[in-house]
Amino acid sequence: MQENKVALITGINGQDGSYLAEFLLEKGYEVWGTIKRNSVAENQTSRLDEIYPQLLGKLQYADLTDLSSLISVIQQSKPCEIYNLAAQSHVRISFDQPIYTAQATGIGTLNLLEAIRLTDPKIKMYQASSSEMFGNNIDKDGYQRETTPLSPVSPYGCAKVYSYNICNNYKNSYNLFISNGILFNHESPRRGTNFVTNKVVKGAVQIQKGIKQDLILGNLDATRDWGHAKDYIKAMWLMLQQDKPDNFVCSTGVSHSVKDLVEYTFSKLDLDWKQYVKTDPKFLRPEELRDLKGDSTKLRKLGWKPDYTFETMIDEMIEYWVEIL
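Basis of the calculations
- Residues numbered from 1 in each chain as written.
- Predicted model: local features only at pLDDT ≥ 70, side-chain atom pairs only at ≥ 80, totals over all residues.
- Heavy atoms only, no water.
- Pairing = 2+ DSSP bridges.
- Helix = DSSP H or I, 4+ residues; strand = E, 2+ residues; numbered from the N terminus.
- Axes fitted to C-alpha atoms, helices over the stretch in contact; angles between N-to-C directions.
- Contact = heavy atoms within 4.5 Å.
- Buried < 20%, exposed > 50% of the residue type's maximum accessible area, 1.4 Å probe, protein only.

## Here's the deal with the sheet that holds strand 1 (residues 6-10)
Working step 1: Taken together, the seven strands give an open sheet; going across it, the order is 3-2-1-4-5-6-11, and neighbouring strands pair in parallel fashion. A strand with exactly one partner marks an edge of an open sheet, and here the two such strands are strand 3 (59-61) and strand 11 (248-250). Across the sheet, the axes of successive neighbouring strands diverge by a mean angle of 20 degrees, strand direction being ignored.
Working step 2: Examined bridge by bridge, strand 5 (residues 124-130) and strand 6 (residues 177-183) share seven bridges and lie parallel to one another. In the sheet register, Q127 faces strand 6, and the bridge partner there is N180.
Working step 3: Those strands touched by helix 5 (residues 98-119) are strand 1, strand 4 (81-84), strand 5 and strand 6, and its axis lies near 170 degrees from that of strand 5.

Here you go:
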């Protein structure tokens, strides 16, 4: 590898950004990242604690809705690769904040593309696209893949479709290196606790320890293709190491229902989930996404494969919360 390869990660303090930063540092990269100002500064970089000394001076305040801040951080860091992971990324909350989601998750990507085009068109960019873009479209064999029509069922999914399409447009119009990673759900102990996997695991451990009496969820029948974020960030990097930009689905190819997740987690803690789990309509989406299962054949041809299974991923999350609580 050439010396001093520089990467810029937008949203570096998120689940994916923190794992990607660790991965790239191990590969010898100089890593820069953008963070959005938060009034509780202590929480800003908690996911980056272990590598914080290596990021000193390289974490910059920027926002995807502020083009000037993006141009400034690109001029300072001079990256050869940019990983665009920043977004309003919570699907349910996108119904509460649809306009902000469109601005941050949709137009924000356009701002970053413009910043690259205006400063250094040689930069390679990875765009975090999402399985939410497919909506309820599923191919006849039960899978979603790169050719499955996009028909999102949330403001978040709609914003991600805009980002996906504008990336393809800029790639073709300006000969930029932009690859979309259509990532299916990916989780870890670093996942926000308002996402269902960590909500279930943390809640179950709290119940086992007597901290909580019950766990309130939404749709237990929805199925998702859940992988581990550590596996998926390797796919992001791999996409930018190819000779040509392209779009790739990243998934395990196995789906489980929320009920499966609940049953597995509670059984590992020797609890009967039916005694503790309740449902509340307020956690349902106005338009539900029923099933997600991805076919990552194209990506696997590049040599990618996940190391974690659904079970080993949940086991790691349980261990984390048992230790923390």
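That was the structure; now back to the text.
## A short note on the pairing of strand 4
Working step 1: By the alternation rule, side chains of strand 4 split into E81 and Y83 and I82 and N84, which are all buried.
Working step 2: Across four bridges, the pairing between strand 1 and strand 4 is parallel. Looking across to strand 4, one finds that A7 is bridged to E81.

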